[in-house]
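# A look at the structure
Here is how the chains run, residue by residue.
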Amino acid sequence: MAFEDNQQLTRIFEEIADFLELQGENIFKVKAYQKAARGLEGLERSVTELYRSGALASMPGFGKALVEKVSQFVDTGEVELHQELKSSFPPEILHLMDVPGLGAKKAALLYKELAIGSVDALEKALREGLVTDIKGFGKKTVDKLLEGIALLRQGEQRWLLGRVSQLAEDLLGRLRALPMVERAEAAGSLRRGKETVGDLDLLVITSSAEEVMKFFSGLGEVIGSGPTKTSIRWEGTFQVDLRCVPAESFGAAMQYFTGSLDHNVALRGRAKRMSCELNEYGLFDALGQCIASETEEEIYAKLGLPWIAPELRESGAELEWEKQPQRLELSQLRGNLHTHSLWSDGTDTLEQLAEEAQRRGYQYLAITDHSRSMVVANGLSIDRLLAQGEEIARLNRGFQNDFRLLWGSEVDILGDGSLDFPEEILARLDFVVVAVHSQFSMSPEAMTERICRGISRPHVDVLAHPTGRKINRRVGYQADWEKVYQVAREHGVALEINCSPRRLDLNDKAARRARDCGCMISLGTDAHSLPEFEYLPLGVLQARRAGIEATSLLNHLSWEQLRTRRPHLADV
DNA sequence: GCCGTTTTCGGCCCGACTGTTTTCAGTCG
Ligand SMILES: Nc1nc2c(ncn2[C@H]2C[C@H](O)[C@@H](COP(=O)(O)OP(=O)(O)OP(=O)(O)O)O2)c(=O)[nH]1
Ligand SMILES: [Mg+2]
Ligand SMILES: [Mg+2]
Ligand SMILES: [Zn+2]
C-alpha cells in the first residue's frame, strides 16, 4: 500500500543524501540519510502516524536529528534542509548520478569545473569534448558516460519477480550444464523474494572461473569482467551479475550476495564487535583463522544467531528479534483459493483445473469465476452459476481421493458496496471471494465505505487483490486500510495475497499489517490458465517477507476446517 | 547523523573492477 507520506519522505531523504554527498559532506552523514530512506521504504505503517505515536525514535537509524526532520515534514510537508539544498543547486543536477558509472565525486567535479547541472548538459559537453580537460576524465570515461546516458534514456524499470525467476531458471540451467560448474544459485533481491528486482545476481562454484566467465560473457553485453566477477546486460537492458568463489566459501558468498545491503552491514558490524571479520569468503576470528564459511547456518550460528530466512533479511533489525517466525513452506498449503475456468475468462475446463490441482497434491481448489456484472470477463449469471455448481458437484462425486473442487465465485463489490449476487445465492456457495473491479476513482472515504460494506455481507470468505495496484502500471486505490483490516477481522474475512506477479496484492508490508491487525490471509493465484498455478510460490515469498506463518493462512486449513465456516451447508 | 560487550566520543562493512593512477580514487556489488 502506497503510503504517500512514506514515499515523499523517502525521496526527500534520498535527495538530501545526494546533495550532501555532492557537497562533499561526511560520508557517514550521507549514509545516515540513505539508510533512513531505505528504512522508510520498508515501513509497513504510515511514517506520519508512527511519528505521532512517538514510536519513530525506536526505529534504527532515526536519532534526534532525523526525528526532527520527520517532525518538520509532518507539520509542513517539507524539510527545511531539503529546501535549502534544493535551492542552491540546478534543479536537474541529481539526475547526473542516475547515469551508471557517474557518482557524487565525478558529478561534483563536472558541476564545479564546467557548471554541468543536467544530463542533457553533460551529454553535450561529452560530445563537444569539453570534459577531457578535467582530471580523471579520459577517453574511455567519456565513452562509458555516453553509453550510460543512452542506457538511462531507455528508462528500463525494475523487473517483476515472476519474470526474473524465469530468467534465473533459464540462466542457471545453462550454467549448471557446464562441466566445470559445481553449483549455481540465485541470490540478491530475487532470493529475498522482493516484488521487483533490479538485477539478477548469480553465484557459481567452479573449478575454473575463467571458463565460466568466458561462457557468461557470451550471454550478453559485457559491463565489466574480472577473475571472480562479471556483469552483463541481458538483451541489452537487464543487468545480470555473476560471482564465482571457491567451494569452501559457498555459505559466506551466498550470505553476502543475498543481502540485503543493510542486513550485510549489520551482520558485519556484529562480527566486528565480536572481534571477527565477515566477508564473502568466510567468517574469520581475531587471528585471521576461518571459523565458518561453508554454510549460511554456520556463519549465523558462530555470530550467535539463528539462520535468518532470506525473505526477512532487509533492514538489519531482524538480527535483534527475539524469535524468528516459523518459515512458511509451500507444502503447508492445501489448496489454491482463487482460480478462473472457461466458464468466465479462464482458458481451461473444470476437469483440467481439477487434474492440475491434484497433480500438485492439493486437497482442494476453489473455482472463483467472475460474477454477472463483469460482462467483459464473461461473468456468470445466476443460472450459469447454479449450473456450474451442479457440474462441480458431479465432478466431486467422481474423485477417487479426498480431493474436492470448491464451488466459489469472485463476486464484484459494486460501486455502492453491495455485492453482485444476492445473499441467498452466496449462502449456497462453498467459497466466496469479493473484489473491486470497476469505478476505481472514488474518494478514499467512499472507497473505504464501499469495501467495508462489501466484506460485511454474510458468507464472504476473502477480499481479493484488496488495493487493485498493478506493479509498474498503476497504483492501487486509496482507502483507510487499517479500517478495512479491522472490519475484515470482525467479520472473519481473510485478506488475499494475490499471487499474480503483476499484482502481489496485498504486498508484503500490507500483509504484515493485516496479520498484525488479526486478519487471516488467503493465497490465491488468480490463475486464468494452468501455467499460472506456478504463481503460488511468489505469494509464499511475500507471506514469508510479511513474517506470516501457516496458522494465519486460510490455505493451511483442511477442507473439513474450511467447511466449518459454513455450518448451514449439508454434508457431502 | 547514529550509536554503545570499545559506552557519550570515535568509530561507522568489506571487496571487485575500471581507468589513468605511478600508488589509488571512484563506483559499484
Ligand atoms: N557487504 C556489502 N554487500 C553488498 C553491498 N552492495 C550490495 N551488496 C550485496 C547485497 C546485495 O543484496 C547483493 C546484490 O546487490 P544488488 O545491488 O544487486 O542489490 P539487490 O539484489 O539486493 O537489490 P536489487 O533488486 O538488485 O536492486 O550484494 C555493499 O555495499 N556491501
Ligand atoms: Mg540484485
Ligand atoms: Mg547485483
Ligand atoms: Zn480473479
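Details of the structure are given in the entry above.
Here is a short report on the structure shown in this document. Source: prediction; values computed, not measured.

Coordination of the zinc ion (ligand 4) by the protein involves His338 (NE2), His340 (NE2), Glu410 (OE) and Asp526 (OD), with metal-donor separations of 2.1 to 2.2 Å. Note that the zinc ion (ligand 4) binds 4 donor atoms; their angles at the metal cover 83 to 169°, and the shape is irregular. Of note, the donors binding the zinc ion (ligand 4) are all from one chain and are spaced H-x1-H-x69-E-x115-D. With a gap of 116 residues between them, Glu410 in strand β13 (residues 404-412) and Asp526 in the loop between β17 (521-524) and α21 (536-545) connect regions that are remote in the sequence. For the pair shown, Glu410 and Asp526 are each scored as buried.

This part is about the protein's contact with DNA strand B. The environment of DNA strand B is formed by 46 residues, the closest being Gly63, Gly101, Gly103, Gly138 and Lys272. For DNA strand B, a base nitrogen lies 3.3 Å from a polar atom in the side chain of Tyr256. Secondary structure elements with two or more residues in the surface near DNA strand B: α2 (27-41), α4 (64-76), α6 (104-114), α8 (139-154), β5 (221-225), β7 (238-245), α13 (261-273) and β8 (277-279). Sorting elements by how many residues they give to the surface near DNA strand B places α13 first, with 6 residues. Taken together, the residues of the surface near DNA strand B sort by class into 17 nonpolar, 14 polar and 15 charged.

Those donors, Asp199 (OD), Asp201 (OD) and Asp241 (OD), are the protein atoms that reach the magnesium ion (ligand 3), and they lie 2.1 to 2.2 Å from it. Written as a sequence motif, the donor residues of the magnesium ion (ligand 3) are D-x1-D-x39-D. The distance between the magnesium ion (ligand 3) and the magnesium ion (ligand 2) comes to 3.5 Å, and Asp199 binds to both of them. Asp201 carries the same exposure label as Asp199, and that label is buried.

About the thresholds
Residues numbered from 1 in each chain as written. Chains lettered and ligands numbered in written order. Predicted model: local features only at pLDDT ≥ 70, side-chain atom pairs only at ≥ 80, totals over all residues. Heavy atoms only, no water. Donors = N, O, S within 2.8 Å, 3.2 Å for Na, K, Ca; no water. Tetrahedral: all angles 85-135°; square planar, octahedral: opposite > 155°, others 65-115°. Helix = DSSP H or I, 4+ residues; strand = E, 2+ residues; numbered from the N terminus. Buried < 20%, exposed > 50% of the residue type's maximum accessible area, 1.4 Å probe, protein only. Near = heavy atom within 4 Å. Polar contact = N/O pair within 3.5 Å; in protein donor to acceptor, adjacent residues only side chain to side chain. Nonpolar A, V, L, I, M, F, W, Y, C, P; charged D, E, K, R; others polar.

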